[in-house]
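Results of the structural survey
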Amino acid sequence: MTVKVFFYQSNQLEMLTKLNDLRDVEEFIHTLVEEGVNCHPDTDFEDYVHMETGEPTFNEEEAALRNRLMNEAFDICEQENTDLYSLMQEIFLIDTGLDKYIPLPSQVISDSDDGAGI
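So, a few notes on the structure that sits alongside this text.

Conventions used here
- Residues numbered from 1 in each chain as written.
- Predicted model: local features only at pLDDT ≥ 70, side-chain atom pairs only at ≥ 80, totals over all residues.
- Heavy atoms only, no water.
- Helix = DSSP H or I, 4+ residues; strand = E, 2+ residues; numbered from the N terminus.
- Buried < 20%, exposed > 50% of the residue type's maximum accessible area, 1.4 Å probe, protein only.
- Patch = residues over 30% accessible without salt bridge, like charges linked within 9 Å, V, L, I, M, F, W, Y side chains within 5 Å.
- Areas by Shrake-Rupley, 256 points an atom, 1.4 Å probe, with all protein chains shown as cover.
- Salt bridge = Lys/Arg side-chain N within 4 Å of Asp/Glu carboxyl O.
- Core = buried A, V, L, I, M, F, W, Y, C linked by side-chain atoms within 4.5 Å.
- Contact = heavy atoms within 4.5 Å.
- Axes fitted to C-alpha atoms, helices over the stretch in contact; angles between N-to-C directions.
- Parallel < 35°, antiparallel > 145°, perpendicular 65-115°, else oblique.
- Left-handed = near helix turned anticlockwise from the far one by under 90°.
- Nonpolar A, V, L, I, M, F, W, Y, C, P; charged D, E, K, R; others polar.

It is worth spelling out the environment of Gly36 at this point. Examined against the element boundaries, Gly36 turns out to sit in the loop between α1 (22–34) and β2 (48–50). A residue is classified by how much of its surface remains accessible, and Gly36, at 22% relative accessible area, is partly exposed.

Okay, structure coming up:
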């Protein structure tokens, strides 16, 4: 079953072609936000469609590149012991200004935190 992900706009920008480190992962995520994509790391980029037109957001080549880069992002984040989901959420919230209304993952106290650092 294909899940269609809707959004209103896409401003396709110059995209990295390979991710080498965490800085590249962050740049990749910033670029996705700049393109107008509110993406989830588990969603195939072939499933994104324009809200108004219903047309695919990315052609096969563009979707394949983004899918490959997302896989590289997972690998790099695992090597760096960084949670890709939280990183993506944090960048999305900051880049869109929603961090004024929604707490950043880095600001939320985890269940394992004893609060001693507060």
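After that view of the structure, there is still more to cover.
A contiguous nonpolar surface patch, about 310 Å² in accessible area, is contributed by Leu98, Tyr101 and Ile102. Among the secondary structure elements, Tyr101 is positioned in the segment after α3 (84–96). Relative accessible area serves as the criterion here: at 66%, Tyr101 is assigned to the exposed category.

Here we come to the nonpolar core. Core analysis: the largest hydrophobic core is formed by 21 residues, its most contacted members being Val25, Cys39, Phe45, Met70 and Leu84. Those elements that place two or more of their residues in this core are α1, α2 (60–79) and α3. The biggest single contributor to this core is α2, with 6 residues. Not counting residues up to four positions away in its chain, the partners in contact with Val25 are Leu19, Ala73, Ile76, Cys77, Leu84 and Leu87.

So, about the packing of α1 against α2. The interhelical angle for the contact between α1 and α2, taken along N-to-C directions, is 140 degrees, at an axis separation of 10 Å. Viewed along their axes, α1 and α2 adopt a mutual orientation that is oblique. As for the relative orientation of α1 and α2, their crossing is left-handed in sense. Of the residues in α2, those in contact with Leu22, Val25, Phe28 and Leu32 of α1 are Arg66, Leu69, Met70, Ala73, Ile76 and Cys77. Of the residues that constitute the contact of α1 with α2, the class distribution is 9 nonpolar, no polar and 1 charged.

None of this, on its own, says anything about what the molecule does.
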